[in-house]
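Structural overview
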Amino acid sequence: MITAKRECGECTRCCEGWLSAEIDGHLMCRGQPCYFLEKKCTVYENRPQDPCRSYVCYWLESDALPMWMKPNLSNVIVTEKVHPVNPTLTYFDVTETGQRIDSNILNWIIHWALRNKKNIIYEIDSKKHVLGSAEFTAAVAAMPAN
């Protein structure tokens, strides 16, 4: 349950090229921000449903993450996802945004995941690491590399 409405405000991390998407025919991927991002979104009022309106980072979606985990403060984006091969498995993808994840933040995320029995995939220097149930880690290991 969210106790206070959270807003993106000045945070544009999801548009800065750390996530992958196609927006109105323009590719956004690691190192290539959204074509429509300047200091803020230039098409915000007319932005497409997918992915712009439909994407919600977990910080915005749930107060399970503390205020200091807002992406522009923590330099990580946490996204809740469904495993592509086994839809009964959910996990949290923790994406670095331009710098190595801070050890205090990573420590908090790992402890949160363990305490709450959450599956996570996190990265350090663009290398993915998996933590979670045996079923989840086996499902991730069985997936072909991207």
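Presented here is a report on the structure given in the accompanying data block. (Residues numbered from 1 in each chain as written. Predicted model: local features only at pLDDT ≥ 70, side-chain atom pairs only at ≥ 80, totals over all residues. Heavy atoms only, no water.)

Moving on: the overall build of the protein. Counting its regular elements, the protein contains five helices and six strands. When its helices and strands are written in sequence order, the protein yields β-β-α-α-α-β-β-α-β-β-α. Reported as C-alpha extents along the three principal axes, the dimensions of the protein are approximately 45 × 35 × 30 Å. Burial statistics for the protein: of 146 residues in total, 36% are counted as buried. Look at the contacts in the protein between residues 6 or more apart in sequence, and 45% of them connect residues 24 or more apart. Accessible surface computed for the protein: about 9100 Å², of which carbon and sulfur atoms make up 53%. Side-chain charges in the protein split into 16 positive and 17 negative, and the spacing between the mean points of these groups amounts to 4 Å. (Helix = DSSP H or I, 4+ residues; strand = E, 2+ residues; numbered from the N terminus. Buried < 20%, exposed > 50% of the residue type's maximum accessible area, 1.4 Å probe, protein only. Contact = heavy atoms within 4.5 Å. Areas by Shrake-Rupley, 256 points an atom, 1.4 Å probe, with all protein chains shown as cover. Lys, Arg positive; Asp, Glu negative; His and termini not counted. Charge placed at Lys NZ, Arg CZ, Asp CG, Glu CD.)

Counted according to the given criterion, the structure contains four salt bridges. The partner of K128 in a salt bridge is D93, and the shortest N-O contact between them spans 3.5 Å. Within this pair, whereas K128 is found in strand 6 (residues 127–131), its partner D93 is found in strand 4 (residues 90–96), the two being separated by 35 residues in sequence. Residue classification places K128 among the partly exposed positions, given a relative accessible area of 44%. A salt bridge links E123 to K128; the shortest N-O distance between them is 3.5 Å. Here E123 falls in the buried class, since its relative accessible area comes to 2%. Sharing partners across several salt bridges, the network here consists of R30, D93, E123 and K128. (Salt bridge = Lys/Arg side-chain N within 4 Å of Asp/Glu carboxyl O.)

On to the nonpolar core. Membership of the largest hydrophobic core comes to 25 residues, with the highest contact counts inside it found for M69, V76, V78, V94, I101 and I109. Put simply, the parts of the chain that give this core at least two residues each are strand 1 (21–23), helix 2 (58–61), strand 3 (76–82), strand 4, helix 4 (103–116) and strand 5 (120–124). Counting residues per element, this core draws most heavily on helix 4, at five residues. If we ignore the near neighbours within four places in the chain, the residues touching V78 are Y55, C57, Y58, W59, L65, M69, F92, D93 and V94. (Core = buried A, V, L, I, M, F, W, Y, C linked by side-chain atoms within 4.5 Å.)

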